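The primary structure of each chain is shown beneath.
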Amino acid sequence: MMKTRYGKKVYPITAAQRLHFFTLAHCPKKQVLNIGTSLTIEQDLDWEVLKKAIYEAYARCESMRIRFAKDKAGNVYQYIANREEREIEHFDFTGWQECHAEDKMKEWTSVPFERFDSPLNRVVMIITPDGFQGIYLLVDHMTMDAQSLILFLKDVIEIYANMKYEGMEYP
């Protein structure tokens, strides 16, 4: 029985997560658990401030830092990584046709996550073909549902606004 992973306490997976692992074992398309969305606004964003806001939201959201691990007997556990250290990607769709930009984000959504000891989400700062700016977010349904995804994006927006504009309260 696993007690720690990389010095982190491990926790049993939930019944819902067990069901998702069962689904993955019997589904040929492993991206079945991916949830992808984007949130953009018609405004020029400060990319460095947005990046800081994303990292701060990661620090406040344990479900964005969940990692799975498997012991020698094949039992699956979960643990929380200290912090997110990956570089936040940036992708500029300027000059693309809208349908091709949508296809690219669908392609991103179709890539299954590495299941063990790896991040189960992806954040990309984007500029859409029509000039809107914001975030594409991909998460694994084992770690977040649609409501959690909305709350994470809301946290990023509120942290960004606090960092960027006077008078905006810290969330």
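The structure under discussion appears in the preceding block.
Residues numbered from 1 in each chain as written. Predicted model: local features only at pLDDT ≥ 70, side-chain atom pairs only at ≥ 80, totals over all residues. Heavy atoms only, no water.

A. Region of interest: helix α3 (residues 98-109). In this model α3 runs 17 Å from its N-terminal to its C-terminal C-alpha over 12 residues, within 8% of the 16 Å that 1.5 Å per residue would give. Taken as a whole, α3 has its buried residues at Ala101, Met105, Trp108 and Thr109. Taken down its axis, α3 places every buried residue within 105° of arc, on the same side. In this structure, the buried side of α3 is in contact with β4 (34-41), β7 (89-92), β8 (121-127) and β9 (133-140). (Helix = DSSP H or I, 4+ residues; strand = E, 2+ residues; numbered from the N terminus. Expected span 1.5 Å × (residues − 1). Buried < 20%, exposed > 50% of the residue type's maximum accessible area, 1.4 Å probe, protein only. Arc of directions from axis to C-beta. Contact = heavy atoms within 4.5 Å.)

B. Focus on the sheet that holds strand β5 (residues 66-70). The strand order β3-β6-β5 describes an open sheet built from three strands, whose pairing is antiparallel. Each of the sheet's edge strands pairs with one partner strand only, and the pair in question is β3 (11-12) and β5. Bridge count for β3 against strand β6 (residues 76-80) is two bridges, and the pairing is antiparallel. Bridge pairing in β6 places proline 12 opposite tyrosine 77. (Pairing = 2+ DSSP bridges.)

C. A look at the environment of arginine 115. Looking at the secondary structure, you find arginine 115 in the loop between α3 and β8. On the basis of relative accessible area, arginine 115 is assigned to the buried category, the value being 11%. Those residues in contact with arginine 115 that sit more than four places away from it in its chain are Phe21, Leu24, Phe68, Leu120, Asp140 and Met142. Polar side-chain contacts of arginine 115 include one of 2.8 Å to the side chain of aspartate 140. (Polar contact = N/O pair within 3.5 Å; in protein donor to acceptor, adjacent residues only side chain to side chain.)

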